[in-house]
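Summary of structural features
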Amino acid sequence: MTKDPTLHQRIAAASQAAGMVRDGMVIGYGTGRAAMSAMDALATRVRSGLRVLGIPTSVATATHAASLGLPLTDLETHPVLDLTIDGADEVDPARNIIKGGGAALFREKVLASASRRLVIVIDATKRVPRLGTTRAIPVEVLPFAVGSCTRLLAEIGGAAVRRLDLAGAPVVTDNGNHVLDVAFDAHRMADPRDLDEAMRAIPGVIITGLFWSFDPTVVVGTDTGVEVLGPPL
Ligand code: 5RP
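Fair warning: this is a prediction, and the values are worked out from it, not measured in the lab.

A few points about the side chain of K109
- Tracing the chain through its elements places K109 in helix α4 (residues 105–114).
- A residue is classified by how much of its surface remains accessible, and K109, at 10% relative accessible area, is buried.
- The residues contacting K109, other than those within four sequence positions of it, are D196, I207, T208, L210, F211 and F214.

Written out as structure tokens, the structure reads:
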């Protein structure tokens, strides 16, 4: 098995993020390796008596929470969360983010919007000088509209590729939709808010993986320790 060189960075950052949780909080649980590491660390605190309720951003995360014995709730019961802890695919110097590498962007954005604070856990490779450096933007799209969305995204400068699974079938999100990974040139990526709004204006686009409005606290694992960017908790 290939050793993951960022594993120790992610675990250290996730553990620090889990330490930001206080007794009685309602927590959003993100999707992916960093979010699951944070849940692992939180579960240790819960076994020692910390009381939290969580809302998962995906079926996979709900399954992980159940395996750890973390109690869950939902947005009907708790429409406002204290904190969401999630991972990211890219973070720029202004703490704008690309998410959705795990195709959970829709529920991730819903929970980030419903949370008083967003904590993002990353390893050092996720820090980029500008969004789009290492990957395209995930965009969740209604399956019926994939063709028209692809054409209309091209009109605003985006090259869209439908995400496929290992068998070559379209990836289907937990919401029953498809994901387009959409690449833009550096000029178009310079204003994430403007680009997000332009994409969301296309009928059939459900949500984009550009997170530009959340003022997150970013917890970065590095080889020399954990760095916290943005507002402290
Ligand atoms: C899922 C996400 C993940 O948070 C993102 O892909 C990072 O995952 P990982 O922590 O495994 O690198 O946005 O939709």
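Considering the pattern of salt bridges
- One pass over the full model with this rule turns up 16 salt bridges.
- In this structure, R116 and D82 form a salt bridge, with 2.8 Å as the shortest nitrogen-oxygen distance. On the criterion of sequence distance, the pair formed by R116 in strand β6 (residues 115–123) and D82 in strand β3 (residues 81–86) is long-range, its members being 34 residues apart.
- The class for R116 is exposed, based on a relative accessible area of 57%.
- Relative accessible area serves as the criterion here: at 22%, D82 is assigned to the partly exposed category.

Comments concerning the sheet that holds strand β5 (residues 97–98)
- Reading across the sheet, the three strands line up as β4-β5-β11 and stay open at both edges, with antiparallel pairing between neighbours. Looking along the sheet, the strands with just one partner apiece sit at the ends: β4 (90–91) and β11 (210–211).
- In terms of strand pairing, β4 meets β5 through two bridges, oriented antiparallel. Bridge assignment links E90 to a residue of β5, and that residue is I98.

Observations regarding the side chain of E140
- Note that E140 resides in strand β7 (residues 137–141).
- No salt bridge forms around the buried E140; measuring N to O, its nearest opposite-charge neighbour R107 is 7.4 Å away.
- Within the local environment of E140, its side chain forms a polar contact with the side chain of N177, the two groups lying 2.9 Å apart.
- Excluding residues within four positions of it along the chain, E140 makes contact with L105, F106, T173, N175, N177, H178, G204, V205, I206 and I207.

Topic: helix α3 (residues 59–68)
- Those residues of α3 that sit buried are T61, H64 and A65. All buried residues of α3 project into a common sector of 100° when viewed along the axis, lining one side. Facing away from the buried surface of α3 by more than 90 degrees, the exposed residues are T63, A66 and S67.
- Buried residues along α3 sit against β1 (26–29), α2 (33–47) and β2 (53–56).
- Following α3 by one or two positions, G69 adopts a phi angle in the positive range, close to 75°.

Examining the nonpolar core
- The biggest cluster of nonpolar side chains holds 23 residues, and the ones touching the most others in it are V21, I27 and I85.
- Elements that contribute at least two residues to this core include exactly α1 (7–18), β1, α2, β3 and β6.
- Of all the elements, α2 adds the most residues to this core, at five residues.
- Here V21 is in contact with I27, L42, R45, L50, V52, L83 and I85, once residues within four sequence places are set aside.
- Judged by nonpolar contacts, the second largest core, of 20 residues, contains V128, C149, V182 and V205.

Things to note about the layout of surface pockets
- Taken as a whole, the largest pocket holds about 230 Å³ of empty space.
- Taken together, 15 residues line the largest pocket, and the ones lying closest to its centre are T31, G32, R33, D89 and G102.
- For the lining of the largest pocket, the per-class residue count stands at three nonpolar, six polar and six charged.

Conventions and cut-offs
- Residues numbered from 1 in each chain as written.
- Predicted model: local features only at pLDDT ≥ 70, side-chain atom pairs only at ≥ 80, totals over all residues.
- Heavy atoms only, no water.
- Helix = DSSP H or I, 4+ residues; strand = E, 2+ residues; numbered from the N terminus.
- Buried < 20%, exposed > 50% of the residue type's maximum accessible area, 1.4 Å probe, protein only.
- Contact = heavy atoms within 4.5 Å.
- Salt bridge = Lys/Arg side-chain N within 4 Å of Asp/Glu carboxyl O.
- Pairing = 2+ DSSP bridges.
- Lys, Arg positive; Asp, Glu negative; His and termini not counted.
- Polar contact = N/O pair within 3.5 Å; in protein donor to acceptor, adjacent residues only side chain to side chain.
- Arc of directions from axis to C-beta.
- Core = buried A, V, L, I, M, F, W, Y, C linked by side-chain atoms within 4.5 Å.
- 1 Å grid on protein atoms, 1.4 Å probe; cavity = no way out; pocket = protein on both sides within 12 Å on 5 of 7 lines; lining within 4 Å.
- Points joined across faces, edges and corners; volume = space filled by probe spheres on them.
- Nonpolar A, V, L, I, M, F, W, Y, C, P; charged D, E, K, R; others polar.

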